[in-house]
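Chain residues, written in single-letter form:
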Amino acid sequence: MNTSELTLTHDLDVLHAELRTLIAASRQRLAATVNAELSQLYWSIGRRLSIEVLAGERAEYGTQLMRRLGKQLEQEFGRGFETQNLRRMVQFVQAFSNLEIVVTLSRQLSWSHFVALTSVKLETARSYYAKQSVAEHWSVRELRRQIGRKGYERSQIASAAAEPSSVAATAEGIFKDPYFLDFLGLRDGYDEADLESAILLQLKAFILELGKGFAFVERKKRMIIDGEDFYLDLLFFHRRLRRLVAIELKLGRFKAAHKGQMELYLKWLDRYDRQPGEEAPIGLILCAESSKEQVELLQMHKDGITVAEYWTELPPKAELERQLRLALADARERLERRKLAH
């Protein structure tokens, strides 16, 4: 291949890459615009059907009318306007009565997102899932997974169980309690090695459960102290906080000795692994069962250490609600004790 042909090939590759980027970006913007317009159209149709057709004494008549209307619209405009979808549009309006909110959300959420959200009956829960979908860029599949795993109820438990004085900008603000590890598929009789291996196999799901900003660094981080080998279970880095996050996995109930072990690991990481510009490392001890009084007495948050429970099976909604009530009661009790102490 001569120089002229090489130049032509290079120019062609550069131009192709540039035009490909332009086309892809334009398609993405176009898809977002079409999606937003479609969702707003469905809302308008749902509102018309909800207010004008299904309201009051005309409800039974309206149901029959909508069935026939769906058949006609389906023939003219396709399956997107069949009777079943018309009902979804009515449910859409009932779940999202404020058009301004729909306009804002439709810029980032698809119609399939809205369909999933309408299945959530509680308004506060629906708002939570909508905001999280936008903030975390959840796919429809991930949104359905979070709804199925009762993400809202879990977030309420975590919020209630958090220290009343904790600030989101601090290390405590990035951790939850409990963590739900049901996606690991562990059976009875597993040990810490099984738990660790399962987490690594499902690393993407585990990072999603940890929350936004975590990046995996290393498994079984080796530390040599006084000629003796020590191994940290999992090491992560949190991008927003700019600090290492050490995670230890414990099968049983939390013990006070776990604090000393984590403190040793954090001191070592601070001395030998911390990079210029990073904040001091922090630790998370995941236990099958927390010991709230021991954790409180040890004042572990002052040392950058958090203790949280993990659940390997997703409990039924009634159990989650019970946990929420207990967490709220516990948070109120701790707050009252602090007021008395001061």
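Residues numbered from 1 in each chain as written. Predicted model: local features only at pLDDT ≥ 70, side-chain atom pairs only at ≥ 80, totals over all residues. Heavy atoms only, no water.

Undergrad: I'm lost on helix H6 (residues 123-136) in this one. Help?
TA: Helical periodicity: at 3.6 residues per turn, an α-helix aligns residues three or four positions apart in one direction. The end-to-end C-alpha distance of H6, which contains 14 residues, comes to 20 Å, matching closely the 20 Å that a straight helix rising 1.5 Å per residue would cover. Taken residue by residue, H6 has Ala 125, Arg 126, Tyr 129, Ala 130, Ser 133 and Val 134 as its buried positions. Seen along its axis, H6 keeps its buried residues to an arc of 165°; they face one direction. Directly after H6, the chain includes His 137, whose backbone phi takes a positive value near 55°. (Helix = DSSP H or I, 4+ residues; strand = E, 2+ residues; numbered from the N terminus. Expected span 1.5 Å × (residues − 1). Buried < 20%, exposed > 50% of the residue type's maximum accessible area, 1.4 Å probe, protein only. Arc of directions from axis to C-beta.)

Undergrad: Hey, could you run me through the packing of helix H3 (residues 83-95) against helix H5 (residues 111-118) in this one?
TA: Helix packing for two helices is described by the angle between their axes and how far apart those axes are. Running from N to C, H3 and H5 point in directions that differ by 70°, and their axes come no closer than 9 Å. In this view, H3 runs roughly perpendicular relative to H5, as classed from their interaxial angle. Touching Arg 88, Met 89, Gln 91, Phe 92 and Ala 95 of H3 are Trp 111, Phe 114, Val 115 and Thr 118, all from H5. Class assignment of the residues belonging to the contact of H3 with H5 gives a composition of 6 nonpolar, 2 polar and 1 charged. (Axes fitted to C-alpha atoms, helices over the stretch in contact; angles between N-to-C directions. Parallel < 35°, antiparallel > 145°, perpendicular 65-115°, else oblique. Contact = heavy atoms within 4.5 Å. Nonpolar A, V, L, I, M, F, W, Y, C, P; charged D, E, K, R; others polar.)

Undergrad: Looking at this model, I keep getting lost on the packing of aromatic side chains. Mind explaining?
TA: Two aromatic rings are characterised by how far apart their centres lie and by the angle between their planes. Inspection of every chain in the model, using the stated rule, returns 11 aromatic pairs. Where Tyr 42 meets Phe 81, the ring centres are 5.8 Å apart and the plane angle is 75°; that geometry is what we call edge-to-face. Here Tyr 42, found in helix H1 (residues 3-53), pairs with Phe 81, found in the loop between helix H2 (59-77) and H3; they are 39 residues apart in sequence, far enough to count as distant. With respect to burial, Tyr 42 and Phe 81 carry one shared label: buried. Seen in terms of ring centroids, Phe 92 and Trp 111 are 5.1 Å apart; in terms of plane orientation they differ by 75°. Their pairing is edge-to-face. Of the two residues, Phe 92 is situated in helix H3 and Trp 111 in helix H5; the sequence distance between them amounts to 19 residues. Accessibility assignment for this pair places Phe 92 and Trp 111 in one class, buried. Aromatic ring contacts, followed pair by pair, group Tyr 42, Phe 77, Phe 81, Phe 92, Phe 96, Trp 111 and Phe 114 into a single cluster. (Phe/Tyr/Trp six-rings, centres within 6.5 Å; stacked < 30°, edge-to-face > 60°.)

Undergrad: It is not clear to me how a positive patch on the surface should be interpreted in this structure. Could you clarify?
TA: Residues Arg 67, Arg 68, Lys 71 and Arg 87 make up a contiguous surface patch of positive charge. Position of Lys 71 relative to the elements: it lies in helix H2. On the basis of relative accessibility, which here comes to 54%, the residue Lys 71 falls in the exposed class. (Patch = residues over 30% accessible without salt bridge, like charges linked within 9 Å, V, L, I, M, F, W, Y side chains within 5 Å. Areas by Shrake-Rupley, 256 points an atom, 1.4 Å probe, with all protein chains shown as cover. Salt bridge = Lys/Arg side-chain N within 4 Å of Asp/Glu carboxyl O. Lys, Arg positive; Asp, Glu negative; His and termini not counted. Charge placed at Lys NZ, Arg CZ, Asp CG, Glu CD.)

Undergrad: Explanation requested: the pairing of strand S3 (residues 228-238) in the structure shown.
TA: A regular strand carries its side chains on alternate faces of the sheet. With 10 bridges joining them, strand S2 (residues 214-225) and S3 adopt antiparallel strand pairing. Its bridge partner lying in S3, Phe 214 is registered against His 238. A loop of 2 residues connects S2 with S3, the two strands running antiparallel in sequence, and Asp 226 in this loop sits at a positive phi of about 55°. Where S3 folds back onto strand S4 (residues 243-253) in an antiparallel hairpin, the turn is made up of 4 residues, including Arg 242, whose phi is positive at roughly 55°. (Pairing = 2+ DSSP bridges.)

Undergrad: What am I meant to see in the nonpolar core here?
TA: If you look at the biggest cluster of nonpolar residues, it comprises 28 residues, and the most contacted ones within it are Phe 92, Phe 96, Leu 105, Phe 114, Leu 117 and Tyr 129. Every element with two or more residues in this core is listed here: H1, H2, H3, helix H4 (99-106), H5 and H6. If you tally residues by element for this core, the top one is H3, at 6 residues. In this structure, Ile 225, Phe 237, Leu 266 and Ile 305 belong to the second largest nonpolar core, which totals 17 residues. (Core = buried A, V, L, I, M, F, W, Y, C linked by side-chain atoms within 4.5 Å.)

Undergrad: For this particular structure, what's the right way to read the pairing of S4?
TA: In terms of residue burial, S4 counts as a mostly covered element, since 8 of its 11 residues are buried. Where S3 meets S4, 5 bridges bridge the pair, whose relative direction is antiparallel. From the neighbouring strand, Phe 237 faces S4, where its bridge partner is Leu 244.

Undergrad: How should I be thinking about a nonpolar patch on the surface in this particular structure?
TA: Judged by side-chain polarity, Leu 15, Leu 19, Leu 22 and Ile 23 come together as a nonpolar surface patch covering roughly 370 Å² of accessible area. Checked against the element boundaries, Leu 22 lands in helix H1. On the accessibility criterion, Leu 22 (51% relative accessible area) is exposed.

Undergrad: Explain the side chain of Lys 221 here, please?
TA: Checked against the element boundaries, Lys 221 lands in strand S2. Judged by relative accessible area, which is 10%, Lys 221 ranks as buried. Residue contacts for Lys 221: discarding those within four places in its chain leaves Phe 230, Tyr 231, Leu 232, Leu 235, Trp 268, Leu 269 and Asp 273.

Undergrad: Can you help me understand unusual backbone geometry in this one?
TA: Across the chain, the bulk of peptide bonds are trans and the bulk of non-glycine residues have phi less than zero. Located in the positive-phi region is Lys 220, a residue other than glycine, with phi close to 50°. With respect to the secondary-structure elements, Lys 220 resides in strand S2. Phi is positive for Arg 242, close to 55°, though the residue is something other than glycine. Inspection of the secondary structure assignment puts Arg 242 in the loop between S3 and S4.

Undergrad: Whenever I open this one, the environment of Asn 85 confuses me. Can you help?
TA: Looking at the element boundaries, Asn 85 is found in helix H3. Taking C-alpha positions, Asn 85 is 8.3 Å from Gly 70, a pair spaced 15 residues apart along the chain. When near neighbours in sequence (up to four residues on either side) are disregarded, Asn 85 contacts Arg 79 and Gly 80.

Undergrad: Sorry, what's going on with the packing of H5 against helix H7 (residues 140-148) here?
TA: With their axes 9 Å apart at the nearest point, H5 and H7 run at an angle of 10° to one another. As judged from the angle between their axes, H5 and H7 are roughly parallel. The segment H5 lies against H7, with Ser 112, His 113, Ala 116 and Leu 117 engaging Val 140, Leu 143, Arg 144 and Ile 147. In terms of residue class, the contact of H5 with H7 is built from 5 nonpolar, 2 polar and 1 charged.

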